[in-house]
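Residue-level structural notes
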Amino acid sequence: PARTLDELDDVRVLMHEYIDQAVFAFDRVKYEAGIRDLPRGGYEPHDGGELLIAYRVIEHKNVDNDDGDVDQQDNSKLTPLGCVAMRRFDGVYLPHDDDKDNNDDDDGDVYDVTSTPSSCVELKRLYVRPEARRLGTGTALVQSIIQAARSSSSSSSISPASAAG
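Below or above, wherever it landed, is the structure these notes cover. (Residues numbered from 1 in each chain as written. Predicted model: local features only at pLDDT ≥ 70, side-chain atom pairs only at ≥ 80, totals over all residues. Heavy atoms only, no water.)

**Description of the packing of aromatic side chains**
Scanning all chains against the criterion turns up five aromatic pairs. Considering the side-chain rings of Tyr18 and Tyr127, the 6.2 Å spacing of their centres and the 70° angle between planes classify their relative orientation as edge-to-face. With Tyr18 in helix α1 (residues 5–20) and Tyr127 in strand β8 (residues 120–128), this pair connects stretches of sequence that are 109 residues apart. By the burial criterion, Tyr18 is buried, and Tyr127 matches it. The structure contains a cluster of three or more aromatic residues connected by ring pairs, namely Tyr18, Phe24, Phe26, Tyr31 and Tyr127. (Phe/Tyr/Trp six-rings, centres within 6.5 Å; stacked < 30°, edge-to-face > 60°. Helix = DSSP H or I, 4+ residues; strand = E, 2+ residues; numbered from the N terminus. Buried < 20%, exposed > 50% of the residue type's maximum accessible area, 1.4 Å probe, protein only.)

**Some thoughts on the pattern of salt bridges**
Counting across every chain of the model gives seven salt bridges. Between Arg129 and Glu17 there is a salt bridge, and its shortest N-O distance comes to 2.6 Å. Taken together, the positions of Arg129 in the loop between β8 and α3 (137–151) and Glu17 in helix α1 put the pair 112 residues apart, joining distant regions of the chain. A salt bridge links Arg28 to Glu32; the shortest N-O distance between them is 3.7 Å. Linking Arg28 with Glu32, this pair stays in helix α2 (residues 28–36), spanning four residues, or about one helical turn. For Arg28, a relative accessible area of 38% corresponds to the partly exposed category. Three or more residues are tied together by salt bridges with common partners; here these are Asp20, Arg28 and Glu32. (Salt bridge = Lys/Arg side-chain N within 4 Å of Asp/Glu carboxyl O.)

By themselves, these are just geometric observations and shouldn't be taken as functional.
Pasting the structure below:
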């Protein structure tokens, strides 16, 4: 889980990369505000949400010191590879239609808030850096967030987010 300020900053960096590569239409201003305000916006555990981040550990244990000897130190570095988010979902996404009484969530996605039980969560913001794709990173993130959803006391079903979510 992304809990510390550094971890949340890593999630923000990954989410910015995600929107920079986006091929779909969305409200960039709202999305940027949502990234800035993380984990607010329903992604906090006490709100039924979660943010997960995957890291690669790069180990650097042998360090040469000034006298020519090698010191054994652990200078491991974590490199963020991908992230995924979950939040409680109170509605079903519908196609945008001005004639319907729909609501707009923080991303501009339109949904009907009367159609889904409050125990449903949606998975959002799955992004894996290109160098970490086809290595199981995305699968591990999805499996982990599904496990978090299932173990959450507020969720009994999982809903995929819209293509723009």
